[in-house]
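What follows is the residue order along each chain.
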Amino acid sequence: MRLPSLRRAALALLGATLLQAATTVAEASPTIERIRARGELVCGVSQGSAGLSLPDGQGVWRGLDADYCRALAAAVLGDAAKVRFQPLSSAQRFPVLQAGEIDVLSRNTTWTSGRDGPLSLLFVGTIFYDGQAFMVPARLGVKTARELGGATVCVQPGTVNEQNLADYFAANKLAYRSVVIESLPELEAAFYAGRCDVYLSDASTLAASRAARAPRPADFVILPERINKSPLSPVVRADDVAFFQVARWTLNVLVNAEELGVSSASVQADRASANPEVKRLLGVTPGIGKAFGLNEEWAAHVIAQVGNYGEIFARNLGPTTPLALERGQNALWRDGGLLYAPPIQ
Ligand SMILES: N[C@@H](CCC(=O)N[C@@H](CS)C(=O)NCC(=O)O)C(=O)O
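Not measured: the values here are computed from a predicted model. (Residues numbered from 1 in each chain as written. Predicted model: local features only at pLDDT ≥ 70, side-chain atom pairs only at ≥ 80, totals over all residues. Heavy atoms only, no water.)

1. Regarding helix α2 (residues 30-38)
Argument step 1. All of the buried residues in α2 are T31, I32 and I35. Along the long axis of α2, the arc covered by the buried residues comes to 95°, so they all point the same way. Opposite the buried face of α2, by more than 90 degrees, sit the exposed residues E33 and A37. (Buried < 20%, exposed > 50% of the residue type's maximum accessible area, 1.4 Å probe, protein only. Helix = DSSP H or I, 4+ residues; strand = E, 2+ residues; numbered from the N terminus. Arc of directions from axis to C-beta.)

2. Quick notes on the nonpolar core
Argument step 1. The biggest cluster of nonpolar side chains holds 63 residues, and the ones touching the most others in it are L41 and W298.
Argument step 2. Grouped together as the second largest cluster of nonpolar side chains are 16 residues, C154, F191, Y199 and L206 included. (Core = buried A, V, L, I, M, F, W, Y, C linked by side-chain atoms within 4.5 Å.)

3. Some thoughts on the environment of A138
Argument step 1. Residue placement: A138 occurs in the loop between β8 (132-137) and β9 (151-155).
Argument step 2. Owing to a relative accessible area of 35%, A138 belongs among the partly exposed residues under this scheme.
Argument step 3. Separated by 79 residues in the primary sequence, A138 and P217 have C-alpha atoms spaced 9.9 Å apart.
Argument step 4. Setting aside residues up to four positions removed in sequence, A138 forms contacts with A218, D219, F220 and V221. (Contact = heavy atoms within 4.5 Å.)

4. Here we look at the pairing of strand β10 (residues 176-180)
Argument step 1. Two elements, β9 and β10, share five bridges in a ladder whose sense is parallel. Along β10, the bridge assignment pairs C154 with V179. (Pairing = 2+ DSSP bridges.)

What follows is the structure in structure tokens.
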């Protein structure tokens, strides 16, 4: 069919307008404008969980969640050091994000339907595949969670832990008594002082707590059961899709960089790589900058300043750290893990 020329002209104009709209979407992010005006990213973290987010002896925040925020600051500002960390309890984290007091929540937060749908928030993507577990004093001689009938369980409010606790004990027809404590340091003190028999949380949090806070780590065991899937994800508000995409692709860049063999040590030399995807990742072949309203080197800054996912994992959680975690589910898909990022294309 031949279109009348007027209709063709109108369609062409519409097409051009849509294309322009499509290219301006990536640039119009009120959150990024605020971050740039302020000169720093405000990142909600925990009040202290080794390997995830915890200040070191010099007061510098360390951990996987802290490093994700550094990566996001490198993406948006070109400088991983420009992050203000805001410690938050479990119960505070969502209201503080919703109120706009932080730009991103990067705080061992489990991605669930009950949070993703109703809270007007967006989960960026799984940064750590975890599962919830029980820790008990070794002296109790308990080998499996099925033996926990009648136990006293320490649990923090505002977590998925509370519901999982109720569900697990109900499903297994076991009685329990919960001791609900809002502050994590107080909860840990109560558990290590023997006020509760059981501490329920993400297995990574339990390993962190045992390594950093137990008077004698060998006196405590993490039982083998994982009672849920606990995919941990950074979270942003749902009112700024452009920022959400930058947050999501910052995570994808970290994973893709590991997969492509680009590390903080190799990133400069890799600019001369013959691999087309490496060239796109590092902005040698332009596209990744324009796609997200950032400069073409944003991903290269992220990798140079913070490293790829494998480097971040090794530094904070790997065998040379007190947590000594295996990659397990957090290995790349091609190594038998679950980490799989869409391509840079
Ligand atoms: N991943 C779970 C648990 C997260 C959580 O808040 N865990 C507690 C430990 S049980 C924590 O990290 N608290 C740190 C704090 O309150 O500063 C969730 O998203 O609900």
